[in-house]
Every structure is written in C-alpha cells, then in structure tokens.
Amino acid sequence: MMIDNIAGEGRRTGRIEVICGSMFSGKTEELIRRMKRAKFAKQNVEIFKPAMDTRYSNVDVVSHDHNIINSTPVRNSEEILSLCAGHDVVGIDEAQFLDNSLIEVCNEMAYRGIRVIVAGLDMDFRGVPFGPIPSLCAVADEVTKVHAICVKCGALAYASHRLVKNDAQVMLGEKMEYEPLCRDCFQKAMEENHLNAMSGNLFDGVN
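Draft legend 1. Here's a closer look at the environment of Pro129. By secondary structure assignment, the location of Pro129 is in the loop between strand S7 (115–121) and helix H5 (133–139). Each C-alpha atom of the pair Pro129 and Gln96 lies 9.5 Å from the other, and the pair is 33 residues apart in sequence.

Laid out in structure tokens, this is it:
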C-alpha cells in the first residue's frame, strides 16, 4: 500500500496502477481508498465498473466491507476512453470483466497524463490468468498484489475457489459461491473437485 502524503497526490503524472489478487483480498477497498485520497486532494476523479456487475448496486462501486463510491457503469473499455476527458484520476473496478482493449485504453489515458487505477482478479476460479489483468500488470507503473486469508489454514490466500458447480469463467458471486484459499489448499480443493467429477462420470455411466 502507498503511504505517501496527501500533498503528493496532486503531483502525480500519467501512470497505471494495478491492484490485483483473489476475491475478498481488499482490492476494491484499496481502490476506493486511493480514489478518495485523490478527491480529497482536489483532483477531478471518476470511477468506472462493468455494467454486468450488479451484485451490490447497479451504479455504485461497493466493497465487500460495504464501503461505497459512486461510479459510471460501462459496457466495454472504449466507453471509458470516451468519458475520461477532464479527469485527473480514473479508477476501474472489476476490470477482469472488461475486454482486452482495456490495455490500450489505459495506456492511452496514461499518455494523456491521467492517473489510472485498476482493480481486478488476476486469476479465475481455475487459477488461470483472467481477462486483461495480467497484461495490465505488465505495462503498469505499479502493481499491488493484495491477499485475503485462506479459510482452511489461515495462510495468505492465493486463489479464489468456486464452491458451486459451474464451469463458466465469468460467474458473479460472493461468499456462498467462492472462498479464498492458499496455494496448497487450492491444489487440494482442485484435486478433490477432479475426483468428484470423475466419480460422477463413472456413476452416470453405470446408469
């Protein structure tokens, strides 16, 4: 996390900051914190989120701890570029749900002198790199990896384990659908899922 003072917020040039990690790791919380600091420093800020993310609100960005900041829902990355004029700081939440054009859009905003703060999952429920986040990490000026706590053993969480049977990469959910796990517990959970799937297939074959 950044510990710079409020006065320093006003002297930032165009840049890309990525906040990534598993679910329940505080990504949105950190995004909101940085946006509020920039606003307190008298900067013109705007935050965007994918229109599909309606878990807590249709228009607001809401953290798991229920901190709220007003946002503008967008259907694709290009909309952000068309709406960013006049802003010093642009925040983007749940960026893994946006298209890969987000990388070019964020670079363009940074070259225009805008500070871009992006928050999102870096891996999906299978532990596979998710959407544009990994590529954004590569071009970012700063990457902050945040961690939840593994619900099984208390270590730092590595990935988001899906608790319900659904193979779609994109599935909105909360604590009933996902849990944060460390690398070891995640591997065990994935092996258990595989064994359960094999058993199910064998059972179906008998019938």
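Draft legend 2. Expanded view of the side chain of Lys27. Locating Lys27 in the fold gives a position in helix H2 (residues 27–40). Of the side chains with opposite charge, Glu94 comes closest to the buried, unpaired Lys27, at an N-O distance of 5.9 Å. Within polar-contact distance, the side chain of Lys27 engages the backbone oxygen of Ser22 at 2.7 Å.

Draft legend 3. Quick peek at the pairing of strand S9 (residues 159–162). By the alternation rule, side chains of S9 split into Ala159 and His161 and Ser160 and Arg162, which are all buried. Note that S9 and strand S10 (residues 178–181) share four bridges and pair antiparallel. Within S10, the position partnered with Arg162 by the bridge is Tyr178.

Here is what the cut-offs are and how they apply
Residues numbered from 1 in each chain as written. Predicted model: local features only at pLDDT ≥ 70, side-chain atom pairs only at ≥ 80, totals over all residues. Heavy atoms only, no water. Helix = DSSP H or I, 4+ residues; strand = E, 2+ residues; numbered from the N terminus. Buried < 20%, exposed > 50% of the residue type's maximum accessible area, 1.4 Å probe, protein only. Lys, Arg positive; Asp, Glu negative; His and termini not counted. Salt bridge = Lys/Arg side-chain N within 4 Å of Asp/Glu carboxyl O. Polar contact = N/O pair within 3.5 Å; in protein donor to acceptor, adjacent residues only side chain to side chain. Pairing = 2+ DSSP bridges.

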